[in-house]
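Secondary and tertiary structure notes
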Amino acid sequence: MDDHIPYVNKAKRFFWKTLKYSTITFFLLLVLIYAGFYVMMELTSGRWSPQAPQHASMDIQSQVPHQVKLLDNGMDSLTHRLQLIRNAKKSIDLEFFIYNLDESSRIITQALASRARQGIKVRVLVDFSLAVFQLSPAFAKKMQEAGIAVRYYNTSSVLKFFTVQHRTHRKMLIADSKEAIFGGRNIANDYFDLSTHYNFLDSDLFITGPIVKAMRESFDVYWHSDWAIDPDFDEKVTDSGEESMKFLDEDSIDVKLRSQIEDLKPLANWSLCKDVQYVTDYPGSGEGSRRLYPAILKVLASAKKELLVETPYFIIRPEGMKAIKSLVERGVKMQVLTNSLQSTDAYYTVAAMVPTLSKLKTQNLTVWAYKGAPLQNYSESRKPESIRWGIHSKRAVVDDDTVMLGTYNIDPRSANLNSELMVICRNSPELAAEFRKSIEARIAQSGVVIKDMEDTRIRNAIGDASAKNIIMMVLAMPVASWFDFLL
């Protein structure tokens, strides 16, 4: 009898092992079937059609000179936003990727609520990216009760892998279809020099003129698209409670911040944008929805002498490599200012950039990495509290007479997945000089990573980053290389 025990035990082990691997195989098969089903559903849905609807406002050019202000200082940009809201006569429209629940968002939302109660039509469209989303239905309901219409953009489940990747990265505040502020800044303390730990060096444009009407019409395209929905106010809320109830009630902190802003004199001066083009992507990530990337390539193709670029991320894939090589081989000198590991808030983007640097060594190309210190030319009245800063502007100067500014990062996500916007000002040398002065002030506090055919200076790409961030970057490199199309 005992002689059979080893065989029984072997049989038992074989049975449980077979059951274990059969279960795992069955589970993986279900996942694959489930994923395949969703892929088919997504690719055959209208949202992913290669053809996008045609609308004149999505790419429009005007020869009428427009008044513009370059808003480089965060507090100055916040001041102009509040003035724009306060002076609106009929309508105020906002679209943002991030709308946080901090001091800056409170005073902006309170200003919007005040105007809504006075009969101004106020609409807010916020992206629903779970990685950054904070404006839950509880807060949206309080805004709705104050007369502010709120919609969410792309509330797709994370299980819908392809659909959920598409986001609106557009950022704009429009008043009366006549004036607008747009650019890199979201609604959060980090973008208005109010954070005590980390702030963004960013840039916006305040613009007035007929092109703003097209910007408002493009907002309507997004507001009424299939991607935008009303918040579900019947959904059980577990993260708000008293905080949402007090969101629109002014407290002592709000009063202090508003008083501080009112005491500031605007820094920015008006300039002329003599030949202005507004271009934006359509809702959706299909190839037919892309409008901005081809427009950028067209501007680059027109460059004759020099291209000066500022971008938070510099993640170049083969098509981008080809565009850069084509540019510098024609003798166009190209300079790029981006973040070091010390200055970025996204270590994985540097992990994706570093392995590509050796491929970018070529004549006429210089890449700078910002070191992360506060900018030296801030006035005392606007002296920031944080000691760590990062580049967040998305802009360029071409041949000292053309400028581009918008929401487009130099990365695959902006090129292929996100909806972006940009204004291109041609034949505007004074504005170009203002852009150049601003970018060069930031370059002065940066280190060279690539210069012509010299050895790549990886040390400057890392900067004074902590050991923790360096380790995180190194560990992220393989994943960043495989999934750079999502970064």
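Described in the following lines is the structure provided in the data block. Along each chain, numbering runs from 1 in the same order as the chain's sequence is written. Local features in this predicted model are restricted to residues of pLDDT 70 or higher, and side-chain atom pairs are both shown and tallied only at a pLDDT of 80 or more, whereas totals for entire chains, interfaces and linings draw on every residue. With hydrogens and water stripped out, all remaining heavy atoms of the structure feed into the side-chain values.

Let's talk about the overall build of the protein
Here is the rule: Under the DSSP-based scheme used, a helix requires at least four consecutive residues in state H or I and a strand at least two consecutive residues in state E, with every element numbered from the N terminus. Here's how the labels work: a residue is buried when its accessible area is under 20% of the maximum for its type, exposed when over 50%, partly exposed in between, all with a 1.4 Å probe on protein chains only. Any two residues whose heavy atoms approach within 4.5 Å at even a single point are treated as in contact. The method behind every accessible area is Shrake-Rupley, applied with a 1.4 Å probe, and residues are considered shielded solely by the protein chains displayed.
If you tally the helices and strands in the protein, you get 15 helices and 20 strands. Across the 487 residues of the protein, 56% fall into the buried class. Across the protein, the fraction of contacts at a sequence separation of at least 24, relative to all contacts at a separation of at least 6, is 83%. Total accessible area on the protein stands at roughly 22800 Å², and carbon and sulfur atoms take up 57% of it.

Regarding the side chain of Ser 428
For clarity, the cut-off: Nitrogen and oxygen atoms within 3.5 Å of one another constitute a polar contact, given that in protein one can donate a hydrogen and the other can accept it, and given that sequence-neighbouring residues count only through two side-chain atoms.
As for its placement among the helices and strands, Ser 428 is situated in the loop between β19 (421–426) and α13 (429–443). Of the polar contacts made by the side chain of Ser 428, one reaches the backbone oxygen of Leu 272; its length is 3.4 Å. Residues contacting Ser 428, with those up to four places away along its chain left out, are Leu 272, Cys 273, Lys 274 and Asp 401.

Here we look at the sheet that holds strand β2 (residues 66–71)
Heads up, the condition is: Between any two strands, pairing holds if DSSP finds at least two bridges. Axis definition: a line fitted to C-alpha atoms, over the contacting stretch in the case of helices. Angles run 0 to 180 degrees between N-to-C directions.
Read across the sheet, 9 strands follow the order β10-β5-β4-β3-β6-β7-β9-β2-β11 without closing on themselves; strand pairing throughout is mixed. Each edge of the open sheet is held by one strand with a lone partner, namely β10 (228–229) and β11 (270–273). Here strand β3 (residues 91–96) runs beside strand β6 (residues 172–175); their pairing, made up of 4 bridges, is antiparallel. Paired with Asp 93 across the two strands is Ile 174, which belongs to β6. Here helix α3 (residues 103–117) sits on the sheet in contact with β3, β4 (121–127) and β5 (148–153), set at roughly 130° to β5. Contacts between helix α4 (residues 137–145) and the sheet are confined to β4 and β5, with β5 contributing the most and set at about 150° to the helix.

Points about a nonpolar patch on the surface
For clarity, the cut-off: To count toward a patch, a residue needs a relative accessible area over 30% and no salt bridge; like charges are then connected within 9 Å, while nonpolar side chains (Val, Leu, Ile, Met, Phe, Trp, Tyr) are connected within 5 Å. Within this document, salt bridges are pairs made up of a side-chain nitrogen of Lys or Arg and a carboxyl oxygen of Asp or Glu, the two lying within 4 Å of each other.
Together, Val 479, Trp 482, Phe 483 and Phe 485 line one region of the surface with nonpolar side chains, adding up to about 420 Å² of accessible area. With respect to the element layout, Phe 483 can be found in the segment after α15 (467–482). By relative accessible area, Phe 483 is classed as partly exposed at 39%.

Observations concerning the sheet that holds strand β1 (residues 59–62)
What the 9 strands build is an open sheet, ordered β1-β12-β19-β18-β17-β13-β14-β15-β20; its pairing is mixed. Strands with a single pairing partner mark the edges of an open sheet, and in this sheet they are β1 and β20 (446–451). Recorded for the sheet is a direction-independent mean angle of 15° between the axes of neighbouring strands. Examined bridge by bridge, strand β12 (residues 275–280) and β19 share 6 bridges and lie antiparallel to one another. Paired with Val 276 across the bridge in β19 is Cys 425. Against the sheet, helix α9 (residues 292–302) contacts β12, β13 (306–310), β17 (395–398), β18 (402–406) and β19, and its axis sits at roughly 25° relative to β19. The sheet contacts of α13 involve β13, β14 (333–339), β15 (365–370), β17, β18, β19 and β20, and relative to β17 the element is tilted by about 120°.

Describing the pattern of salt bridges
Summed over all chains, the structure comprises 22 salt bridges. Arg 216 is the salt-bridge partner of Asp 93, the closest N and O atoms lying 2.8 Å from each other. In this pair, Asp 93 is assigned in strand β3 and Arg 216 in helix α6 (residues 211–223), connecting sequence segments 123 residues apart. You'll find Asp 93 and Arg 216 in the same group, each marked buried. Here Asp 127 ties to Arg 167 by a salt bridge, and the two come within 2.7 Å at their closest N and O atoms. In this pair, Asp 127 is assigned in strand β4 and Arg 167 in the loop between α5 (161–165) and β6, connecting sequence segments 40 residues apart. Asp 127 gets classed as buried once you look at its relative accessible area, which sits at 0%.

Observations regarding the state of the cysteines
To keep things clear, this is the line we draw: Here, the term disulfide refers to a pair of cysteine sulfur atoms separated by no more than 2.5 Å.
By the definition in use, this model includes 1 disulfide. Across the disulfide from Cys 273 sits Cys 425; the S-S distance is 2.0 Å. On the sign convention where negative means left-handed, the S-S torsion of about -110° between Cys 273 and Cys 425 marks this disulfide as left-handed. Of this pair, Cys 273 sits in strand β11 while Cys 425 is found in strand β19, placing the two residues 152 residues apart along the sequence.

Some points on unusual backbone geometry
One non-glycine residue, Ser 177, lies in positive phi territory at about 60°. Within the fold, Ser 177 resides in the loop between β6 and β7 (179–183). Owing to a relative accessible area of 19%, Ser 177 belongs among the buried residues under this scheme. Its identity is not glycine, yet Asp 400 carries a phi of approximately 60°, on the positive side. You can see Asp 400 is positioned in the loop between β17 and β18. The partly exposed category is assigned to Asp 400, whose relative accessible area is 38%.

Considering the environment of Asp 345
Note that Asp 345 resides in the loop between β14 and α11 (347–353). Residue Asp 345 is classed as partly exposed on the basis of its relative accessible area, which comes to 44%. For Asp 345 and Gly 390, which are 45 residues apart along the polypeptide, the C-alpha to C-alpha distance reads 7.2 Å. Residue contacts for Asp 345: discarding those within four places in its chain leaves Tyr 198, Phe 200 and Tyr 313.

Some thoughts on the pairing of β7
When you tally the buried positions in β7, you get 4 out of 5 residues, the bulk of the element. Inspection of the sheet shows β6 paired to β7 by 4 bridges, in the antiparallel sense. Bridge assignment links Ala 175 to a residue of β7, and that residue is Glu 179. Connecting β6 to the next strand, β7, in antiparallel fashion are 3 residues, including Asp 176 with a positive phi near 60°. With 5 bridges joining them, β7 and strand β9 (residues 204–208) adopt antiparallel strand pairing. Within the sheet, the bridge partner assigned to Ala 180 lies in β9 and is Ile 207.

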